Structures are given as structure tokens and as C-alpha cells.
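Fold and contact review
Residue-level listing of the chains:
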Amino acid sequence: MPVPNSTAPPPSERATAPGEPATRPDPAAEGLLTPVQFVKGVGPRYASVLEKLGITTAEDLLFHFPHRYEDRRNFRPLGRVAHGEMVVCTGRVLGATLERSARRNLALVKAVIQDSSGTAELVFFHQHWLRNTFEKIKGLEICLYGSGQRNGGRLTFQHPEWEELTQDENSLHVGRIVPIHPSTEGLTPKQLRGMIWNALDRYGQLVEEVLPPEVMEAHRLPRLRPAVRHVHFPEDEAQLEQARHRLVFDELFRLQCVLAIRKRSVADTLPGIAFAVEPKVLEEFRRSLPYELTGAQERVIAEIQTDMEGPRPMQRLLQGDVGSGKTVVAGAAILAAVRTGYQAAMMVPTEILAEQHYAVFRRLLEPLGVRMHRLVGSVRAKGKRQIKEELQSGFAHFVVGTHALLEDDVQFQQLGLVVVDEQHRFGVVQRLALLDKGMQNHSPDMLVMTATPIPRTLALTVYGDLDVSVINEMPPGRKPVRTYWKREQQREAVYRGVRSLVAEGRQVYVVCPLVEASEKLQMRAATEFHEHLQTEVFPDLRVGLIHGQMPSHEKDEAMDRFREGGCDVLVATVVIEVGVDVPNACCMVIEDAGRFGLAQLHQLRGRVGRGEHQSYCVLLGDPKNEEGVQRLEVITRTTDGFEIAEEDLKLRGPGELSGTKQSGILQLRIANIIGDAAILQQARQAAFAVVEQDPRLTAPDHARLAAALRKQYASLLLATVG
Ligand code: ADP
Ligand code: MG
């Protein structure tokens, strides 16, 4: 076993001292803006892979922060791994086999590794290609991270994290707190880690402060340069926490500066619209519905109507748990806007959801005279052109779409209302960018909807100054979803349950195991799993498949077929996580459920329990760590979104090693809005104070800040800075 070296000098201390002559022919290439391909270890081929992650310069690489960490200091020789303990081991690959287990109907890859103290078996389900992967590195050393299971002396790891090792780099990848950076197809986290190390080594010294000195002082913030280094390669938890704190502050401060600047300029220059909504419009809307609105829906519609009628631009957050009926509320607002002569636009995070909303609104609003389109990336160029023309001329009243709506040439005649659904999937930047499409002589009204419960005080801070409406009541007749956690050995019983529901005419989602490594591998896992279920488990049933890598029309077809009852079981990845609404689907089986996050499990479960039938959610699997076990316990115990959000926060803990994982509420590199609420308050206060005193950021002390904001948020500054 290699000797872990956790005391390697931090990169910057080994870097060339400033006075030394540059060894490169081109001195300009030494700056932070050096194209990433010149960073040691990158080169042209990986440069194009990195581009997919939005990384084009050395600086981008420095600011590509880890999304989690693995504590690889807890080394164990294989012979000394205790049952259930999270450990790091290294060993040589002896070989790998592929088995089809008859009893459990599984494709099973087993790889064996060995060190001087013993051997261990690595087990992977539904990933048959791993056999070749391991065969190719036979004799080489790998590092693995996971919880070992002892079974009569035999040591196995189920689905451990692992990567190949080479002798000379070990200090970077083992024996320390190891950063895991978000990566993409064709680039392993390990390769990326090496590149970032090299970037820090050469360019880390060039990072400059952006925060004004008065803010640094008032909040006693450590300097940016060491923080950037330590967030990637911390020596211990304390150092990591300090680095994170600084970077979180930095990020939130910049964002809040933008909000402060916008708030001033919008308030000063653009009035809102006072929509003159006639009472009969909403009457007509109610009459056209196949059901009665709930009391909560009526209340929030009234709140929205009051906002729309007022002269200030509406800025309202509509919060309601999954299945509470937010869509129809949006429909009422859209109709009100259209009937008073304005256009409305609704942005949603996925194409599947755009299609589904389009279908819902066509049924709901077209009979009432609303002319509408849907605009998603996969619409053909010709169709797009026509949609854009009709939006620009004002012929079309309403458009629902994905971020395709944000393209420059999507313009409106008179955009009066912007709705953002599943807001937590978008960033502030995208929300504001859509709003800006209506900023000609007035500011449109804005309604953002989310199922993610956010404490009220926090919502105010996160979203600027949104007012909050809450739907706290489910449509009548809903039976709470019954949730069960079943172990792997109960799989057969779960399958029997699925079968009997199908026999009663119901439909079932099966969410296939999560493969985080890449979209392509996720697709392969889903495809293989589908094949397995269709041919071996349910040969007599109709099993459909939907995953994120399918072309859009195939996704639509698969979803339509399921919705129309054309298949009994739908094997799906998390593409169905948001919004999908098929009332006859009353059961969801989630494979290897311990790997999913709490919020994700809650969203997924929200796909069932949408009709009159008793619904079930079955969490399948034996989680490989304690956190996974706790998540499954929480999700089994409660269906209350607020409680789940709180538990999520507790389980992650703002300061813990994995705490930097994105919350998804904002598109932030490092901050977690819920976990970092305290820092957010401080950063917001500091930012608003700076902007109050220097609205155009022209003071010399603010020059770097102004430049940084211009670079990062150019389109949102409304040309008021600099
Ligand atoms: P979410 O808030 O998760 O977006 P949806 O708007 O998709 O929820 O609504 C969930 C389901 O409930 C849909 O099938 C919708 O038609 C139905 N629904 C909404 N409001 C009512 C109501 N007042 N009564 C009965 N069913 C309703
Ligand atoms: Mg919805």
C-alpha cells in the first residue's frame, strides 16, 4: 500500500516565485485568462470536454469547485476492514466476472482486488460493461471508497466509489480529504482533480480580490487566494470550512449586488401594469374546469389577482407541495393577463413538462380563446421561426417552453406576465432574463412556482423581494401515498405487488438505479434495466422506457403512450422527477433508493397519488451508508414537504464535508441557500449597503467588483454599472 501523503506542499508554495523569469515563450499566456488547453495536463482534446462544463480559461478551472468531498484519510488494509465501516482501500485488480443471477434476475459484475493483507470483492448490479473496464486494468492499482460488508470473513463492497491509481499521483487522490468535482462524459473526476491541481500550481497566485476592502474588514473575511486553494485541497475540515465560508460569501455578495442594482433601477424607471381583470373572466375560467377549485387555490388566485390589478409589478412566489394543483392557478393568471390585452410566457425546466403543460393549457385555455404555442429546443427551425413571428407580432397570446424561451430572438409584442414553474430548477439569472423580455416601457408581472418549501424569511432573501402565497391544501379525495422500504431480498414480493396492481388496471413507474458518473452510463443502465424487466421479469406486460438521452420526440412518444395506457410499467430515470402527471399511475418503485437525495425522492414520489386510487411508493435497496438509511427512514415516515426539507438540511448539515452539494434553488457554484442562510443575510446586507452608497460602483475601491459583475452578470445589470 502506498504511504498516504497528506502533507504535500500546497500548490502555490511550489509555484514559480513572481520574480523568476517566465519559462514560456508567450508571456500573455501566463494570465488567468490563459485558454484552458495550455494548463498542464489538459491539451486540446480535454479542452473541448471542459468546454461542456463551461470551462474555457485557467481561471474557470480554479473556480470550478468540488460538489462533494471524500474523506480518504481513513485508510484500511483490506484485511482490517470492519463490517459496515466507511473506508478507503487500495488494491490491485485481479480480475472481473459477469454473472446473471437466476434467483434475483440480475446482471452482476464482480471484481476482485487484493493488497498485502487480503482480498475484497466489488459488486455492481446492472452495469455489465464494468467487466471489460476492470479486465482492462487487471494488475493495476485502484482506490475505492465505500462501506465494506463482512460475510463470514469474506469482504464485499456493493457499488463503491472507485478510481484507478498511478503511483506518482497518490498524494493527490488518497490519504487526504479528496475533492470530487462535477464532471462530464469523457473526463473522470480524477483527471479533473489533477488538472485543477496543476492550474492552482501555476495560476493560483494570480487570483485577485473582488470584495471591497470595507466589506472584507467589516466581516473579517480571509483572503480569496488561499480560500480558492483550500476549497479544492484542504488539509483538514477547519481549513475547508473557512475557505468555503469565504467563497460562499463572495458568491452571494455578487449576486445580491446584482439584485440591489436591479431593484434600484427598476423601481426608478419602470412602472408595472395595472391589469383591469373583469370578474367574469375568472367566472368563465371556473366554469370551464372539470373540478371545483380548492379553498387554497381560490385564495391564492385572489392574491394574484390583487397583485395584477395593482400598479406595482407583481413579484410573487407560489409555494405548494407536489400535487397541490399549482398549474391551474397559473392558468387563471395567464387568462387574466391575456384577456386584458397582454401576452404571457411560462418557463419550465424540462421538455417533458413543457409538453405536458402545453397539453393541459390547450384543453383549458384554447376553448376560451387563448392562442398558444410551445417552444422547446427540439422544435424545428421553421416552426420556431413561425412561433417567434407570432409572439413578436402579438398574434400568439401565450407560450410555454423551456429555456429555449431565453434565446435572443424570442421577442414579444406586449409581454405582461411571466410564470416560472419549478423555480428551484432555475437560477435567478434565467428568471430575470425572461422578465427582461418584457422590459420595454413597463415591467411585467412575475409569478414563480415551486414545490420546494422554503421558510418565508429565507424566501424573501433568496428571491429578492418576492411576496409568498402558499397552497396548503390538497385537492379533495386524495389518499396519502403509502411508502414502504423493502430490502433487496424482498424484490420478488415487490414484483408480485406490481403485477397485481397492473391486473387491476393501474400503471407503475419503476425508477432505475441512479448512475451519477455520466448521462451516457445512466442511459445504458436504464436501457439494460428496461430490457431485463421486459424480458425476464414481466414478459407478459408492456414495459416502456424513458430516459434523458432520448431524442425529444421519443420522450414525448413514451410519455404519451404511458399516459394513454399503452404500457403498464414505465422504466424511467429522474427525467420524470418534475411535473409529470398521470393519475392512473398509482405506484412507483425506486431502485437503489438510498442513492437519491431526500428532495429528489419527495419529488419522485409526487408523481403518484394524483388520482382517486390508493397509491404506493416502494423504496428498494440496502443503502450502503448511514445517510442513505436515514433518508429512507425519513421518506417512509412522512409526506410533508416542509418536514422533509428540514430533515434534508439536518442530514446534510451546512458545515459537513458534503455540504457544498448544490441545493439547486439557485444556480450557484458553492453556496447552499438553505444551509448558508446566515452568510446570505450578511452578504445581502453588505451588498445593499455598497450599492446604496455607490449605485454605479464607480469608486476606485469598487472597480474590481464592477468589472467582475459586468463579466459574470452583464445582461442583468440594465446598463447601469460602470
Ligand atoms: P403541482 O402543484 O404539483 O404542479 P398539478 O398542478 O400538476 O400539481 O396538479 C396535480 C393534479 O391535480 C392534476 O392532475 C390536476 O388536474 C389535479 N387538480 C388540480 N386542482 C384540482 C382540484 N381543485 N380538484 C381536483 N383535482 C385537481
Ligand atoms: Mg407542477
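In short, a report on the structure. (Residues numbered from 1 in each chain as written. Chains lettered and ligands numbered in written order. Predicted model: local features only at pLDDT ≥ 70, side-chain atom pairs only at ≥ 80, totals over all residues. Heavy atoms only, no water.)

Take the overall build of the protein chain next. A tally of helices and strands in the protein chain yields 24 helices and 21 strands. For the protein chain, the proportion of its 722 residues judged to be buried stands at 57%. Across the protein chain, contacts joining residues at least 24 apart in sequence account for 74% of those joining residues at least 6 apart. Carbon together with sulfur atoms contributes 50% to the accessible area of the protein chain, which is approximately 30,200 Å² in total. (Helix = DSSP H or I, 4+ residues; strand = E, 2+ residues; numbered from the N terminus. Buried < 20%, exposed > 50% of the residue type's maximum accessible area, 1.4 Å probe, protein only. Contact = heavy atoms within 4.5 Å. Areas by Shrake-Rupley, 256 points an atom, 1.4 Å probe, with all protein chains shown as cover.)

Within the fold, E121 resides in strand 4 (residues 118-125). Setting aside its immediate chain neighbours within four residues, E121 contacts K110, A111, V112, R154, L155, T156 and F157.

Here we take up the pattern of salt bridges. Throughout the structure, instances matching the rule amount to 36 salt bridges. Between D307 and R316 there is a salt bridge, with the nearest N and O atoms lying 2.7 Å from each other. A salt bridge links E355 to R374; the nearest nitrogen and oxygen atoms lie 2.7 Å apart. Taken together, the positions of E355 in helix 13 (residues 351-365) and R374 in strand 11 (residues 372-375) put the pair 19 residues apart, joining distant regions of the chain. Among the ionic contacts, a cluster of salt bridges with common partners joins R68, E70, R72, E161, E163 and R193. (Salt bridge = Lys/Arg side-chain N within 4 Å of Asp/Glu carboxyl O.)

Each aromatic ring pair is characterised by the separation of its centres together with the angle its planes make. Enumeration according to the criterion identifies nine aromatic pairs in this entry. With centroids separated by 6.2 Å and ring planes inclined at 15°, the aromatic side chains of F249 and F253 adopt a geometry described as stacked. Taken together, the residues F249 and F253, both in helix 9 (residues 237-269) and four residues apart, mark about one turn of the helix. Taken individually, F249 and F253 each receive the classification buried, so the pair is uniform in this respect. The structure contains a cluster of three or more aromatic residues connected by ring pairs, namely F124, F134 and W162. Looking at R45, its charged tip hangs above the ring of Y46, at a distance of 4.6 Å from the centre. (Phe/Tyr/Trp six-rings, centres within 6.5 Å; stacked < 30°, edge-to-face > 60°. Lys NZ or Arg CZ within 6 Å of the ring centre and 35° of its normal.)

Right, let's talk about unusual backbone geometry for a bit. At H159, a position not held by glycine, the phi torsion is positive, near 45°. In this structure, H159 sits in the loop between strand 6 (154-158) and strand 7 (161-164). Phi is positive for R220, close to 50°, though the residue is something other than glycine. Topologically, R220 is positioned in the loop between helix 7 (213-218) and helix 8 (224-232).

As a further point, take the sheet that holds strand 10 (residues 343-347). If you walk across this open sheet you meet the seven strands as 11-12-10-13-14-9-15, and the pairing is parallel. Two strands lie at the open edges of the sheet, namely strand 11 and strand 15 (467-471), each paired on one side alone. Shown here is a sheet whose adjacent strand axes are inclined to one another by a mean of 20°, direction ignored. The pairing of strand 10 with strand 13 (residues 415-420) spans five bridges and is parallel. From the neighbouring strand, Q343 faces strand 13, where its bridge partner is L415. Helix 12 (residues 326-339) contacts strand 9 (315-320), strand 10, strand 12 (398-401), strand 13, strand 14 (445-450) and strand 15 of the sheet and is inclined by roughly 175° relative to strand 13. (Pairing = 2+ DSSP bridges. Axes fitted to C-alpha atoms, helices over the stretch in contact; angles between N-to-C directions.)

This paragraph deals with the site of ligand 1. Close to ligand 1 lie 16 residues, the nearest being G323, K326, T327, R478 and D581. Here G325 contributes a backbone N or O atom positioned 3.1 Å from an oxygen atom of ligand 1. Within the side chain of R478, a nitrogen or oxygen atom sits 2.6 Å from an oxygen atom of ligand 1. When the free accessible area of ligand 1 is taken as 570 Å², the share hidden by the protein chains comes to 85%. (Near = heavy atom within 4 Å. Polar contact = N/O pair within 3.5 Å; in protein donor to acceptor, adjacent residues only side chain to side chain.)

In this section: the layout of surface pockets. Within this model, the second largest pocket holds a volume of roughly 1,200 Å³. Around the second largest pocket, the lining comprises 42 residues; the ones closest to its centre are Y291, T327, V360, D581 and R610. At nine residues, the largest contribution of residues to the lining of the second largest pocket is made by helix 13. Partitioned by chemical class, the residues of the lining of the second largest pocket number 14 nonpolar, 12 polar and 16 charged. Residue-level mapping places the lining of the second largest pocket at the junction of two domains, with at least three residues from each of domain 4 (293-309 + 325-450) and domain 5 (482-638). (1 Å grid on protein atoms, 1.4 Å probe; cavity = no way out; pocket = protein on both sides within 12 Å on 5 of 7 lines; lining within 4 Å. Points joined across faces, edges and corners; volume = space filled by probe spheres on them. Nonpolar A, V, L, I, M, F, W, Y, C, P; charged D, E, K, R; others polar. Domains from an automatic or database assignment.)

This paragraph deals with the sheet that holds strand 17 (residues 507-511). Spatially, 16-21-20-17-19-18 is the arrangement adopted by the six strands of the open sheet, whose pairing is parallel. Either end of the sheet is taken by a strand with one partner, and the two such strands are strand 16 (482-486) and strand 18 (543-546). The average undirected angle you get between the axes of adjacent strands in this sheet is 20°. Note that strand 17 and strand 19 (residues 569-572) share four bridges and pair parallel. Its bridge partner lying in strand 19, V510 is registered against V571. Running at roughly 175° to strand 18, helix 18 (residues 519-537) makes contact with strand 17, strand 18 and strand 19 of the sheet. Against the sheet, helix 19 (residues 552-563) touches strand 17, strand 18, strand 19 and strand 20 (585-590), its axis set at about 140° to strand 18.

Shape is all these values report; function is a separate question.
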